[in-house]
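Structural overview
Residues per chain, in single letters:
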Amino acid sequence: MSDEQQEREAQLVERVVASFDGTPDPRLKELMRALTRHLHAFVREVRLTEAEWQQAIAFLTATGHITDDRRQEFILLSDVFGASMQTVTVNNEAYANATEATVFGPFFVEDSPAIPLGGDIAGGAPGEPCWVEGTVTDTEGRPVPDARIEVWEADDEGLYDVQYPDGRVAARGHLFSDAEGRYRFWAIAPTPYPIPHDGPVGRLLAATGRSPLRASHLHFMVEATGLRTLVTHIFVRGDEVLAHDSVFGVRDSLVKDFTPQSPETPTPDGRDLAGRPWTRVHFDIVLAPDRP
Ligand code: BEZ
Ligand code: FE
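These remarks concern the structure in this document. This is a predicted model, so every value here is computed, not measured.

1. Some thoughts on the sheet that holds strand 9 (residues 255-256)
Strands sit in the order 3-2-7-8-9 across an open sheet of five strands; the sheet is mixed. Of all strands in the sheet, those with a lone pairing partner are strand 3 (172-176) and strand 9, marking the two edges. Bridge count between strand 2 (residues 148-152) and strand 7 (residues 217-223): five bridges; the pairing is antiparallel. Considered in strand 7, the bridge of W152 is made with H219.

2. A look at the pattern of salt bridges
Taken as a whole, this structure holds 20 salt bridges when the rule is applied. In this structure, R37 engages E14 in a salt bridge whose closest nitrogen and oxygen atoms are separated by 2.8 Å. On the criterion of sequence distance, the pair formed by R37 in helix 2 (residues 26-46) and E14 in helix 1 (residues 3-18) is long-range, its members being 23 residues apart. We note a salt bridge from R184 to D178, for which the minimum N-O separation is 3.9 Å.

3. Here's the deal with the nonpolar core
Within the largest apolar cluster, 29 residues are counted, with the highest numbers of intra-cluster contacts made by V132, V136, Y183, F185, F220, V222 and I285. Breaking this core down by element, the ones donating at least two residues are strand 1 (129-138), strand 2, strand 4 (182-188), strand 7, strand 8 (230-236) and strand 12 (285-287). Apart from the residues lying within four places of it in its own chain, the contact partners of V222 are V136, A147, R148, I149, R228, T229, L230, I285 and L287. Within the second largest apolar cluster, nine residues are counted, among which are L76, L77, M85 and V247.

4. What about a nonpolar patch on the surface?
A cluster of nonpolar side chains, L39, F42, V43 and V46, forms an exposed patch at the surface whose accessible area comes to about 340 Å². Within the element layout of this structure, F42 appears in helix 2.

5. Some details on the coordination of the iron ion (ligand 2)
Put simply, a metal with four donors set out as a tetrahedron has ideal angles of 109.5 degrees, and one with six donors set out as an octahedron has ideal angles of 90 or 180 degrees. Protein coordination of the iron ion (ligand 2) is provided by Y160 (OH), Y193 (OH), H217 (NE2) and H219 (NE2), with donor distances spanning 1.9 to 2.1 Å. Bound by six donor atoms, the iron ion (ligand 2) shows angles of 53 to 170 degrees at the metal and therefore irregular coordination geometry. Motif for the iron ion (ligand 2), donor spacing along one chain: Y-x32-Y-x23-H-x1-H. Linking Y160 in the loop between strand 2 and strand 3 with H217 in strand 7, this pair joins segments that are 57 residues apart in sequence. For the pair shown, Y160 and H217 are each scored as buried.

6. Quick notes on the site of ligand 1
Lining the immediate environment of ligand 1, one finds L76, D79, G105, P106, F107, Y160, Y193, I195, R214, H217, H219 and V247. The side chain of Y193 places a nitrogen or oxygen atom 2.8 Å from an oxygen atom of ligand 1. Note that an oxygen atom of ligand 1 is positioned 3.1 Å from one of the side-chain N or O atoms of H217. Considering ligand 1 on its own, with 260 Å² of exposed area, one finds that the protein chains cover 100% of that surface.

7. Looking at helix 2
When the terminal C-alpha atoms of helix 2 are compared, their 31 Å separation across 21 residues agrees well with the 30 Å that a helix rising 1.5 Å per residue should span. For helix 2, the N-terminal cap is D25; the gap from its side-chain oxygen to the backbone nitrogen of R27 is 2.9 Å. Of the residues one or two after helix 2, R47 is the one with positive phi, at around 50 degrees.

8. Regarding the environment of F185
Mapped onto the secondary structure, F185 falls in strand 4. Looking at F185, the relative accessible area reads 0%, which means it is buried. In sequence terms F185 and A122 are 63 residues apart; their C-alpha atoms lie 9.9 Å from each other. Once residues lying within four places of it in the same chain are set aside, the contact partners of F185 are I115, G118, G119, I121, C130, W131, V132, V151, L175, L218 and F220.

Parameters at a glance
Residues numbered from 1 in each chain as written. Chains lettered and ligands numbered in written order. Predicted model: local features only at pLDDT ≥ 70, side-chain atom pairs only at ≥ 80, totals over all residues. Heavy atoms only, no water. Pairing = 2+ DSSP bridges. Helix = DSSP H or I, 4+ residues; strand = E, 2+ residues; numbered from the N terminus. Salt bridge = Lys/Arg side-chain N within 4 Å of Asp/Glu carboxyl O. Core = buried A, V, L, I, M, F, W, Y, C linked by side-chain atoms within 4.5 Å. Buried < 20%, exposed > 50% of the residue type's maximum accessible area, 1.4 Å probe, protein only. Contact = heavy atoms within 4.5 Å. Patch = residues over 30% accessible without salt bridge, like charges linked within 9 Å, V, L, I, M, F, W, Y side chains within 5 Å. Areas by Shrake-Rupley, 256 points an atom, 1.4 Å probe, with all protein chains shown as cover. Donors = N, O, S within 2.8 Å, 3.2 Å for Na, K, Ca; no water. Tetrahedral: all angles 85-135°; square planar, octahedral: opposite > 155°, others 65-115°. Near = heavy atom within 4 Å. Polar contact = N/O pair within 3.5 Å; in protein donor to acceptor, adjacent residues only side chain to side chain. Expected span 1.5 Å × (residues − 1).

As structure tokens, this is what we get:
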């Protein structure tokens, strides 16, 4: 490339960056200037053709068209680029032995059913019963009583309740840790499921030879006074999808042993499972201070 060409491209970057100089909000100014530099660097690095630029615009237009109150294709796009997970990583700084955070996902719903300690969140969702138990502590090892624990998951068909048209509420709920910070509940054993892939993001994954599957997981959101709210999942050790989770949500520390139990093994609370096998998992939750 000639010096003159280089100079023309570089000058354009500087002119656009300078166009944000008068931005009153200093943070917005920082964001717009950095975004400009990175965007131009990309266009220049790959020598973007005009046809490719048009294709990108068509892709974003399709992403907008499929997005509505129930379907957020832009978040999905951020997810498959790992941008959602990177934002979680940046904003949940590692702190002592605090449990790691991971992506929130689109399937959390406010006002989930309250379940007692030892209750069942399945609400009729198909799946193998799974006993989940553990403690909530702070990073000094002190028990956290009365922590609000929200849990939600897909059923055996790979679908969340909100993906069914019948308005069911299933495989979600909330409970509170006891005076010693302990919690326990019945859920269903997590299975892998695909993120919605019938839109532009699905086509992008197909064009790049990537799978839409998420590794099997159970979502948690844990809140307690004075401690940092934790949004995370636990994953199933041995799941083949762990290595290529479509939204890069897996952390080694969140992979847990879901131990299969034969139908003859007595359940921890005496529940009669009518001869069905079941699974159990232990997950100790450690919350960072709110403001370390
Ligand atoms: C989820 O885990 O529920 C999820 C996360 C990102 C995209 C789609 C689903
Ligand atoms: Fe999920």
